[in-house]
Amino acid sequence: GKNEYDLLVIGGGSGGLACAKQAAQFGRKVAVLDYVEPSPQGTKWGLGGTCVNVGCIPKKLMHQAALLGSALKDAQHYGWNIAQPVHHTWSVMAQAVQNYVKSLNWGHRVQLQDKKVKYFNMRGSFSDPHTIRGLTKAGKETIVTAENIVIATGGRPKYPTHIAGALEYGITSDDLFWLKESPGKTLTPFVFNVSLECAGFLTGIGLDTTVMMRSIPLRGFDQQMASLVTEHMESYGTKFLKRCFPTKVEKLDSNKLQVTWKNTDLGTEETDSFDTVMWAVGRAPDTETLNLETVGVKTNSETGKIIVDASEATSVPHIYAVGDVTEGRPELTPTAIAAGKLLAQRLFGQSSELMDYDNVPTTVFTPLEYSCVGLSEEAAVQCYGSDNIEVYHAYYKPLEFTVAERDATQCYMKMVCLQGREQRILGLHFIGPNAGEVIQGFALGIKCGATYPQLMKTVGIHPTCAEEITKLHITKRSGLDATVTGC
Amino acid sequence: SVQVHKEGEPQKLPEMNGHTPVPHSYDYDLIVIGGGSGGLAAAKEAAKYEKKVMVLDFVTPTPLGNSWGLGGTCVNVGCIPKKLMHQAALLGQALQDSRKFGWQFTEEVTHNWMTMTESVQNYIGSLNWGYRVALREKKVTYENAYGEFVGPHTVKATNKRGVEKLYTAERFLIATGERPRYLDIPGDKEYCISSDDLFSLPYCPGKTLVVGASYVALECAGFLAGLGLDVTVMVRSILLRGFDQDIANKIGEYMEEHGISFIREFVPIKVEQIEEGTPGRLKVIAKSTKGNQIIEGEYNTVLLAIGRDACTRKIGLDKVGVTINEKTGKIPVNDEEQTNVPYIYAVGDILQDKLELTPVAIQAGRLLVQRLYAGATTKCDYVNVPTTVFTPLEYGACGYSEETAVEKFGEENIEVYHSHFWPLEWTVPSRDNNKCYAKIICNIQDNERVIGFHVLGPNAGEVTQGFAAAIKCGLTKEQLDSTIGIHPVCAEV
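Residues numbered from 1 in each chain as written. Chains lettered and ligands numbered in written order. Predicted model: local features only at pLDDT ≥ 70, side-chain atom pairs only at ≥ 80, totals over all residues. Heavy atoms only, no water.

**Regarding the UniProt feature "binding site: NAD(+)" (unreviewed entry) in chain A**
Residue and element names in this part refer to chain A. Taken from the UniProt record, the annotation "binding site: NAD(+)" (unreviewed entry) applies to Gly-282. By secondary structure assignment, the location of Gly-282 is in the loop between β16 (276-277) and β17 (283-285). Classification of Gly-282 by relative accessible area gives buried; the value is 10%. Residues within four places of Gly-282 in sequence aside, it is in contact with Arg-156, Pro-157, Lys-158 and Phe-192. (UniProt positions renumbered as here; feature names shortened; annotations may be inferred. Helix = DSSP H or I, 4+ residues; strand = E, 2+ residues; numbered from the N terminus. Buried < 20%, exposed > 50% of the residue type's maximum accessible area, 1.4 Å probe, protein only. Contact = heavy atoms within 4.5 Å.)

Right under this line is the structure:
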């Protein structure tokens, strides 16, 4: 029989909604299924996906709250008289952030309505390649058929279930942003940037925060930059337990959590008590209940992510996937949005443009922000050989830090270029305030094939931090002092 | 006693370490008149090539007696103190925002002008010192003396105490910059201040009238209001002449909505003192530009920001035949910064038809010296120079304004893409959701190349810098569309 919808999107997050809305622009009949399985702690949220509810948005807002804490300190140097004590109330911040997120949920529902996209608050699973069985919370079933199906179910935080007590007593980023009460003294055993960001803002709002890591921070990122980021966090007040890993979590009579861990350096076992333990050990693709095996959609055996080709097609015709659920793609909102939009344009808009996943800029919103685009130094060396690349770098001090008497030791930038006449820029890395704002425009330049000489021809805007990028001239190879000294 | 070196007298010049001998027994290879952004950059660059360089820097005190150290306008009475005071104002706003983000402290928050100004001046002092050390380290001779030409290849340097010395050089670089213009009305020099005085004012300016519509006027009005002062801006005609007018009006609107009063189409005709003090009380009488209406107002401080005049009229240019634009005082140069006198060059704010920006002066100064002494051929690229106005709502721009693009290419050949945006950080504290704005102007006939970029919002300078680099690389709309945004930042818009 004829399929009910031209396009059915499973997952109402960044990628899914972008795809659905774009398809609707072409006058297509589109439906979106979105469902949030409550976290083990019982947290759930509305339409919009990870980014809006438990990712980028609340993270950046809480990061901003922490930055404002620093601003309060700076302000006194700039002449503002603020009577001490100054303190932070979690519930005021959380309430404000949660209200804003809820307004976004509402906004998304209104948008779908305006664009005549049908929205089902249901969990979907495949019955056959064109049929989805939707199940509401109450257990009511609806069958939906579609010509094309896009899987955009994203991912959810993993729990280290092999650690006793991890599931019962720990929370994840899914819960942190929705806590009504302050998390208090927090431990984040961590691997990825989300937890560094969380640890950062928790420290910034005055909480006793400890990060525990087994090996290296920010795996996959440029390691020199990653060290500077964590160095800064240490001087900022975040505690680090390096080369340690947790072995068990127990609840004490006081309701605090006792965590036991192994220190691999000393070979000892240590314990301490915390109010909150927030796991950030990675995210797993949300594919378990989709019934992918029934229709034959292939996934990566190691990661569980859906395998797609350059056109976002899965192993089954008419079934596609975008966003965090796909294998080998950056887990970023803007890439999911762009991929979703382009997919809809190819399916319904006579476009043939494929998504370009190269040179995607990204930012880690730690207390001192880190943004980058292109290759890390180690990736460039591996790709081209250290003789064939030139790294320009500089330590600088933001003007605003001077009067505020802030430490700029980790304010640093570097540009990795290909050697030779052209000196094409392979990667750009920046640590400092407003790092994302700084890098965005340069990412465009790199998309245009920017070379070192072109950047040097660009006149700087004064006084900004970004202008230092146009003035980079000391190479690592030269061994000279890379500290920027005045105009 | 006055020491004089007579030109032509053979003298044994002490050889400074590592310097190549100076030709024709001139005292110096290069004398730079003006120790500001352009002059110092050129001097330091020349020293790299072992040239014997002298910098003459002198600050003629303001009508109110104010003066400052080595470094020029930018460091002392321009970009640096301006941005720091702008930051102070932004922090005031941050304080308000922070309450919505959960921070709690007393309702009553006041600002202490002296604390801020002292910190700012201390920082500037460290920069003055840094420059003196840098020049010394690079073996550049520095004299705090007023330089003026007295004959071919010869300048007279007069220090604070009136002691005169003569110096000769093979080449000269004029980098004397500009100073604020006065209105030429009764009471202006006696009672009004300019940006030359504001950043070191030893008392809070209080209720202030800012006269002018330049970026200096709006930036100062902006931060003064941000610090809690009662500010009025008196504008003769349009805001930010030379900038995109659509954006200029948005900036003005924002300032008005945030407590700054504007008096439009009036000019002051007299300033009287009602009461002496720090600050005192002044009466300003102004006349309409459109009729005979006269208004009066009382203020503690009147800040004049109506424009700047090039310091070229009293440096003896006539003695060496350097032509200047008699009307504006600016010096026309060729594309190698050379005046009509082959051995005399000029950089910075005094140049005719060039942008008055520190980075431009620095770039021009450095490249000039590299061409003179290092065999380089690169000329300063004055096209697509980005700039930022640090008003309360910051404005970053690169390339054509909308009106200039229409004029040059024709309305049908350009496409303007635009968007309002709401910075994420403004959502929680419920700040304006329709004020931040971005637009790009594309040339349809040239593959939709981006020829103008404008952004109005927080950190506009940081946002604009990278886009300026991209524009330098020939950015097109298609490339812009295919570049992934960083989320969530303002620049992704």
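**With respect to the pairing of strand β12 (residues 231-235) of chain B**
Residues and elements named next belong to chain B. Burial within β12 is extensive, with five of its five residues counted as buried. Burial along β12 is two-sided: the residues Val-231, Val-233 and Val-235 and Thr-232 and Met-234 are all buried. Once you follow strand β11 (residues 208-211) into helix α7 (residues 215-226) and on to β12, the crossover reads as right-handed. Handedness of the crossover joining β12 and strand β13 (residues 261-264) through helix α8 (residues 245-257) is recorded here as right-handed. (Right-handed = clockwise from strand over helix to strand, strands pointing away.)

**Observations concerning the interface of chain B and chain A**
How big an interface is tends to be stated in terms of accessible area lost as the parts join. Contact with chain B, which involves 78 residues of that partner, is made by 79 residues of chain A. In terms of surface lost to chain A, no three residues of chain B exceed Trp-103, Glu-462 and Ile-484 of chain B, which account for 12% of the buried area on that side. On the surface where chain B and chain A come into contact, there are two salt bridges. With a shortest N-O distance of 3.7 Å, Lys-457 of chain A and Asp-381 of chain B are connected by a salt bridge. (Buried area = accessible area lost by both parts, 1.4 Å probe. Salt bridge = Lys/Arg side-chain N within 4 Å of Asp/Glu carboxyl O.)

**Looking at the nonpolar core**
Among the nonpolar cores identified, the biggest contains 227 residues, and Met-415 and Ile-469 of chain A together with Ile-31 of chain B are the most heavily contacted of them. At ten residues, the largest contribution of residues to this core is made by helix α3 (residues 56-77) of chain A. Excluding residues within four positions of it along the chain, Met-415 of chain A makes contact with Glu-390, Val-391, Tyr-392, Ile-425, Gly-427, Leu-428, Tyr-452, Leu-455, Ile-469 and Leu-472 of chain A. With 27 residues, the next largest nonpolar core counts Leu-47, Val-117, Leu-343 and Met-355 of chain A among its residues. (Core = buried A, V, L, I, M, F, W, Y, C linked by side-chain atoms within 4.5 Å.)

**Observations concerning the domain arrangement of chain B**
Residue and element names in this part refer to chain B. In terms of domains, chain B is made up of domain 1 (28-177 + 311-374), domain 2 (181-306) and domain 3 (394-482). Taking the mean C-alpha position of each, domain 1 and domain 3 sit 31 Å from one another. Contacts between the two partners involve six residues from domain 1 and, on the opposite side, five residues from domain 3. Buried surface at the junction of domain 1 and domain 3, summed over both partners, amounts to about 530 Å²; 54% is from carbon and sulfur atoms. The three residues of domain 1 that bury the most area against domain 3 are Asp-97, Lys-100 and Phe-101, which together make up 68% of that side's buried surface. Where domain 1 meets domain 3, there are zero salt bridges. There are one residue pair in polar contact (both at pLDDT 80 or more) connecting domain 1 and domain 3. Residue classes in the side of domain 1 that touches domain 3 are distributed as two nonpolar, two polar and two charged. (Domains from an automatic or database assignment. Polar contact = N/O pair within 3.5 Å; in protein donor to acceptor, adjacent residues only side chain to side chain. Nonpolar A, V, L, I, M, F, W, Y, C, P; charged D, E, K, R; others polar.)

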